[in-house]
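Remarks on the overall topology
Residue strings, one per chain:
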Amino acid sequence: MGSGGEVLGALTDGPALRICHLYPDLLNLYGDRGNIMVLTQRARWRGMTVAVTGVGLGEPLDPAGADLFFIGGGEDRQQRIAADDLCRHKRGPLQDAVADGAVVLAVCGGYQLVGRYYRPAEGEDLPGVGLLDLWTEHPGPAARRLIGNLVIEVEGMDAPLIGFENHGGRTRLGPGARPLGRVLTGFGNNGEDGWEGATDRRVYGTYLHGPLLPKNPAFADRLIAEAVSRRHPGFALAPLPDANAARAREVMLARLGTPAGKSARAGVE
Amino acid sequence: MPGRVARAVEPRVLPLLSRRLRYGSVIVAGTNGKTTTARLLAHIMEALGRVPVHNRAGANLAAGIASALVEHADLFGRPSGDVGIFEVDEATVPRVVPHLAPRVMIFTNLFRDQLDRYGEIDHIAGLWRATGEGLRADAVVVANGDDPLVYDAVRGLPGRLVTFGIEDERHALPAIEHTAEARYCYRCGTPYAYTWTYFGHMGRYRCPTCGTGRPPIDLAARDVVLAGADGASFTLAASGGGRTARITTVLPGLYNVYNVLAASAAALEMGAPLDRVAEALASFAPAFGRAERVVVGGAELRMLLSKNPAGFNEVLRTVLSGGPLPVVLIAINDNIADGRDVSWLWDVEFEMLAGRVAHVVVTGLRAEDIALRLRYAGMADGAIEVQRDYEPALRAALARAAGRPLFVLPTYTAMLALREVLQRWGAVGRFWEH
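Parameters and conventions
Residues numbered from 1 in each chain as written. Chains lettered and ligands numbered in written order. Predicted model: local features only at pLDDT ≥ 70, side-chain atom pairs only at ≥ 80, totals over all residues. UniProt positions renumbered as here; feature names shortened; annotations may be inferred. Helix = DSSP H or I, 4+ residues; strand = E, 2+ residues; numbered from the N terminus. Contact = placed C-beta atoms within 7 Å. Axes fitted to C-alpha atoms, helices over the stretch in contact; angles between N-to-C directions. Parallel < 35°, antiparallel > 145°, perpendicular 65-115°, else oblique. Left-handed = near helix turned anticlockwise from the far one by under 90°. Pairing = 2+ DSSP bridges. Buried ≥ 20, exposed ≤ 12 C-beta atoms within 10 Å, placed from the backbone. Nonpolar A, V, L, I, M, F, W, Y, C, P; charged D, E, K, R; others polar. Domains from an automatic or database assignment. Expected span 1.5 Å × (residues − 1). pLDDT = per-residue confidence, 0-100.

Within an unreviewed UniProt entry, the label attached to chain A reads Lipid II isoglutaminyl synthase (glutamine-hydrolyzing) subunit GatD, and the organism entered is Candidatus Segetimicrobium genomatis. What UniProt states about chain A under its Subunit (unreviewed entry) heading is, verbatim, "Forms a heterodimer with MurT." Recorded in UniProt for chain A, the comment headed Sequence similarities (unreviewed entry) runs: "Belongs to the CobB/CobQ family. GatD subfamily."

Structure (structure tokens):
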């Protein structure tokens, strides 16, 4: 793979977490690297070896070289550059990796690019890599951006995901993708249908930045576990103390008046 | 709000009043350094015997500017000052330029800041490009030549372009920072080749494909000496004539060298002699919250406004520039004036704090978020103290300082709130007295 790779942490007896960060210096709009920091630290705190490889423009992508692929967000201009490069150099390898059980996390602009296409406010459509059955259209420069704190409930998770969204594009899902979650506070995919994000196989796309993983450690661990299980089936993660994250979550949920968990949500449904 | 009233009653109040300023107006625009640059320039103008009219820090939308003009005018619309110095919000620039018809327009820099309010950086650059229609042909555009985004936005504007920049590679960073905005040429998309960078995307750059690069610098800072939190000195060198002057300032860090350069360039264009500029700069005291020193209960704290990743990184480098391990109070709010999205905290290189500070107190509406960020930056839980409220946070930081340097790093509204506490304690004046 390309330059910028580094192995973090001493070699230990735990399994390795291999992360591939796509376009780290191009798509990095909203603290996106925070997601990489969290994946890295949480694996290291458990004694795992972590390898993070950055893959940039024009560089080849090895579908077997990583178990978790991350792609962040950018402005329209950066997104256009990335879309072109993704389709030219990375589409096939990414599809192979997903077919082979790799995890993909795509946030904001990256989320739009893993769909079928993105129609920006101005200019030609940007082709997507088609990892998720969805498409995104920007209603035009005069349309309001969907900006604010975003809280969603995710099937199979006890606590909601908390973050921030800021996007002009409106995303719609085809039959091949399921929504990642249901919006409790905020806009989500399009501000209309009440759904947020998309998932299929081990691909996760979302408008949640903030960044996403620091405040949602359970989701971070789910991604780590799925990524590691690709080569180490049945591997279980030891729990970590997450008091800081828990407090930051409580404060924001209280501020937004959002119910904190499944039990509290019973009255809402 | 007199400004809103004046604008409603007299839609031409801005042009009417601004036209009566004998020496005309200067507009300061950019993400970082607007307030400091405007105050530096006002200070130089005062030293020359001129009477500046300027808007209050933060009141940089059209209403705030109209308000400043109205407050400084008598009943007949005669302004009490003779030179206007207005800091203008990045996105407001095209709206006020046609009305103010500035003599000098300063563009400090362009960083990602408050994307939740503005949308995207390209949008701001586009707005600046569009100001051309409202700019006088004899105006002077003073622009940061080290910032590729600024240069690309202003190069086509009417008027005469005067660039400033730092020419001292000893202060270059070993590698381009994560927070750099402009890695790719805005003309053709090729990665810029940087000979060196100072912070963020400021530096000597060139596009290997289309040749777009750092312009020739008209006013340069050479032989820069940074004295940690105590200030900086450098040689101010004008191109062509070989005129130079040694500048000393209490403002710390390279980011303030840029502010001093911007103000100096504008002052020279407004007719100030170089030696008078140097003299005035030496006696400048910082604007509130910007490298301000406050003595409280026998201790001295320094307040360094920290509102976006590039600025924050520079502040952290200043805080860590030597001496005993400091105590740091970080105050993060997410009010509209701060930006409601705090994801930028993950772009700040807080990793550099680990093991290099005695104690950190965090406060503000997002105290827990910054505590979480510091934990992932490798700081021990015991070294991070969360104090939700401002007064206990200040007390805790002061108690921990006990002779150590104490730095307070707030976002904008957190800075106002902390100053309010200090004011109650009698340590600082009320901010509108500044």
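On we go from here.
Counting its secondary structure elements, chain A contains six helices and 15 strands. Its C-alpha atoms put chain A at 50 × 45 × 30 Å along the principal axes. Once local pairs closer than 6 in sequence are excluded, the contacts in chain A between residues at least 24 apart make up 72%.

For the rest of this paragraph, the subject is the packing of helix α3 (residues 34–47) of chain B against helix α9 (residues 254–269) of chain B. Residue and element names in this part refer to chain B. Put simply, α3 and α9 touch, their axes get as near as 9 Å, and they point 45° apart. Comparing the axis directions of α3 and α9 gives the class oblique. The two elements α3 and α9 cross, and the hand of that crossing is right-handed. Here α3 contributes Thr36, Thr37, Leu40, Leu41 and Ile44 to the contact with α9, which in turn contributes Asn256, Asn259, Val260, Ala262, Ala263, Ala266 and Ala267.

Okay, the sheet that holds strand β17 (residues 406–410) of chain B next. Residue and element names in this part refer to chain B. If you trace the six strands from one edge of the open sheet to the other, you get β12-β13-β17-β14-β15-β16, paired in mixed fashion. Across the chains shown, the open sheet's two edge strands, defined by having one partner strand only, are β12 (290–296) and β16 (384–386). Across this sheet, the average inter-strand angle for adjacent strands is 20°, counted without regard to direction. One ladder, built from three bridges, connects strand β15 (residues 359–363) with β16; its direction is parallel. Bridge assignment links Val360 to a residue of β16, and that residue is Ile384. Here helix α12 (residues 367–376) sits on the sheet in contact with β14 (327–331), β15 and β16, set at roughly 165° to β16. Against the sheet, helix α14 (residues 412–424) makes contact with β12, β13 (299–304), β14 and β17, and its axis sits at roughly 135° relative to β17, the strand it touches most.

Here we take up the UniProt feature "domain: CobB/CobQ-like glutamine amidotransferase" (unreviewed entry) in chain A. With numbering aligned to this structure, UniProt lists the feature "domain: CobB/CobQ-like glutamine amidotransferase" (unreviewed entry) at residues 18–216 of chain A. Its end C-alpha atoms 20 Å apart, residues 18–216 of chain A is made of 21% helix and 32% strand.

All right, on to the UniProt feature "binding site: substrate" (unreviewed entry) in chain A then. All names here are of chain A. The sites that carry the UniProt feature "binding site: substrate" (unreviewed entry) are, in the present numbering, Arg145. Among the structural elements, Arg145 can be located in the loop between β8 (134–137) and β9 (146–154). Of the residues examined, Arg145 has 18 C-beta atoms within 10 Å and is grouped as partly exposed.

The next subject is the interface of chain A and chain B. On the side of chain B, 22 residues touch chain A, which itself brings 26 residues to the contact. Elements with a minimum of two residues in the side of chain A that touches chain B: α1 (33–45), α2 (76–99), β10 (161–167) and α5 (243–256) of chain A. Counted by class, the side of chain A that touches chain B contains 12 nonpolar, seven polar and seven charged residues.

What follows concerns the sheet that holds β8 of chain A. Hydrogen bonds between backbone groups are what pair the strands of a sheet, and the pairing can be parallel or antiparallel. Residues and elements named next belong to chain A. Judged by pairing direction, the sheet is mixed, and its four strands sit side by side in the order β7-β6-β8-β11 without closing on themselves. A strand with exactly one partner marks an edge of an open sheet, and here the two such strands are β7 (126–127) and β11 (170–173). The pairing of β8 with β11 spans four bridges and is classified as antiparallel. Note on β11: the bridge partner recorded for Trp135 is Arg172.

Turning next to unusual backbone geometry. All names here are of chain A. At Cys108, a position not held by glycine, the phi torsion is positive, near 55°. Taking the number of C-beta atoms within 10 Å as the measure of exposure, Cys108 has 29 and is therefore buried. The residue Arg201 is not glycine, and still its phi comes out positive at about 50°. With respect to the helices and strands, the residue Arg201 is situated in the loop between β14 (198–200) and β15 (203–206). We classify Arg201 as partly exposed; it has 14 C-beta atoms within 10 Å.

Before going further, it helps to examine the environment of Phe111 of chain B. Residues and elements named next belong to chain B. Looking at the secondary structure, you find Phe111 in the loop between β4 (104–107) and α6 (115–118). Judged by the 27 C-beta atoms lying within 10 Å of it, Phe111 is buried. Residues Phe111 and Ala383, spaced 272 residues apart in sequence, show a C-alpha to C-alpha distance of 31 Å.

Turning our eyes to something else, we now look at the domain arrangement of chain B. Residue and element names in this part refer to chain B. By the assigned domains, chain B splits into domain 1 (2–282) and domain 2 (290–433). The C-alpha-based centres of domain 1 and domain 2 are spaced at 27 Å. Across the side of domain 1 that touches domain 2, the residue classes break down as nine nonpolar, 11 polar and five charged.

Okay, α9 of chain B next. Helical periodicity: at 3.6 residues per turn, an α-helix aligns residues three or four positions apart in one direction. Residues and elements named next belong to chain B. In this model, α9 (16 residues) spans 23 Å end to end at C-alpha, consistent with the 22 Å of a helix rising 1.5 Å per residue. Counting buried positions along α9 gives 15 out of 16 residues, so the element sits mostly inside the fold. Following α9 by one or two positions, Gly271 adopts a phi angle in the positive range, close to 95°.

Here the focus is the environment of Thr197 of chain B. Residues and elements named next belong to chain B. Topologically, Thr197 is positioned in strand β7 (residues 193–199). Assessed through the 21 C-beta atoms surrounding it within 10 Å, Thr197 is described here as buried. Residues Thr197 and Ile370 lie 173 residues apart in sequence; the distance between their C-alpha atoms is 27 Å.

Right, let's get into the pairing of strand β5 (residues 103–107) of chain A. All names here are of chain A. Most of β5 sits inside the fold, with five of its five residues counted as buried. A two-sided burial pattern is seen for β5, the buried positions comprising Val103, Leu105 and Val107 on one face and Val104 and Ala106 on the other. Of the strand pairs in this sheet, β5 and β15 are connected by four bridges, and their pairing is parallel. By the bridge assignment, Val107 is partnered in β15 with Thr206.

This paragraph deals with the environment of Ser264 of chain B. Residue and element names in this part refer to chain B. One can find Ser264 in helix α9. Classification of Ser264 by C-beta neighbours within 10 Å gives buried; the count is 28. In this structure, the C-alpha to C-alpha distance between Ser264 and Thr35, residues 229 residues apart in sequence, is 14 Å. Those residues in contact with Ser264, other than ones at most four positions away along the chain, are Leu219, Leu236 and Val277.

The next point concerns the confidence of the model for chain B. Fine structural detail should not be taken from predicted coordinates in areas where pLDDT scores are low. For chain B, mean pLDDT is 87; residues scoring 70 or higher make up 91% of the total. Listed scores for the predicted complex are pTM 0.84 and ipTM 0.91.

Here the focus is the packing of α9 of chain B against helix α10 (residues 274–282) of chain B. Residues and elements named next belong to chain B. Their axes nearest at 10 Å, the elements α9 and α10 cross at an angle of 140°. Viewed along their axes, α9 and α10 adopt a mutual orientation that is oblique. As α9 runs across α10, the sense of the crossing is right-handed. Of the residues in α10, those touching α9 at Val260, Ser264, Ala267 and Leu268 are Leu274, Val277 and Leu281. By residue class, the composition of the contact of α9 with α10 is six nonpolar, one polar and no charged.

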